[in-house]
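Chain by chain, the residues:
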Amino acid sequence: MAQVLQVTLPPLPYAYNALEPYISQEIMNLHHTKHHQTYVNALNAAEAAYAKASTPKERIALQAALKFNGGGHINHSLFWKNLAPSAAANKGTGGVLRDGPLKKAIDESFGSFDSFKQSFNTTTAGIQGSGWGWLGYNPTTKKLEITTTPNQDPLLTHVPIIGVDIWEHAFYLQYKNVKAEYLTAIWNVINFEEAEARFNEATSGSKL
């Protein structure tokens, strides 16, 4: 039987309080050590069960657990890198979109940076229940597009450039049920340097 490779919880690239005042230390601690760890544990358990499954029926029965927990692990691993201590709080470079290929593509697709953020927040706030808001690169149209996924579904139709967790555990302790305030605040800690690196990798060899 092939050995099952276990996934592990990736460390945060900053301290738990580094994103304050926009995302609290309490939220980051719980989100990373409890919620993401739970997805890691459940994914490893599902992978181990899948490796031992001897019938198609048993393997099919594990698909939902693999998708949910695998997506939770993939999405959160991306999300932590997607954030950075805020320039507005004099802590880092979070929230700063400098002139470059990503800014040019955002301006071309959405008219302006502010229009992009407004469209993203409107689309993401409209998610019913839990899910994720995405800025993705569409490899077919070769354009940036705003899209969403439900629950913990990973983004498969686009290359993820920026992902925002809209599950209540991502914001409720600080913003209560006011998703709009969370979505406004999070732009102060978006790591646009990471987003541009993803964009450049997605478009390498492509002409926008």
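Residues numbered from 1 in each chain as written. Predicted model: local features only at pLDDT ≥ 70, side-chain atom pairs only at ≥ 80, totals over all residues. Heavy atoms only, no water.

As annotated in an unreviewed UniProt entry, the protein carries the name Superoxide dismutase and is attributed to Gymnopilus junonius. Entered under Cofactor (unreviewed entry) in the UniProt record, the comment concerning the protein runs "Mn(2+)". Quoted verbatim from the Sequence similarities (unreviewed entry) field of UniProt, the annotation for the protein is "Belongs to the iron/manganese superoxide dismutase family." (UniProt positions renumbered as here; feature names shortened; annotations may be inferred.)

Asks: Looking at this structure, I do not really get the sheet that holds strand S2 (residues 143–150). What am I missing?
Replies: Hydrogen bonds between backbone atoms are what pair the strands of a sheet, whose relative direction is either parallel or antiparallel. Read from one edge to the other, the open sheet built from three strands follows the order S2-S1-S3, with strand pairing classed as antiparallel. Each edge of the sheet is formed by a strand with only one pairing partner; in this case those strands are S2 and strand S3 (159–165). Taken over all neighbouring pairs, the strand axes of this sheet differ in orientation by 25° on average, direction set aside. Both strand S1 (residues 131–138) and S3 contribute to a ladder of six bridges, which runs antiparallel. Directly across from Trp 132, in S3, lies its bridge partner Asp 165. (Pairing = 2+ DSSP bridges. Helix = DSSP H or I, 4+ residues; strand = E, 2+ residues; numbered from the N terminus. Axes fitted to C-alpha atoms, helices over the stretch in contact; angles between N-to-C directions.)

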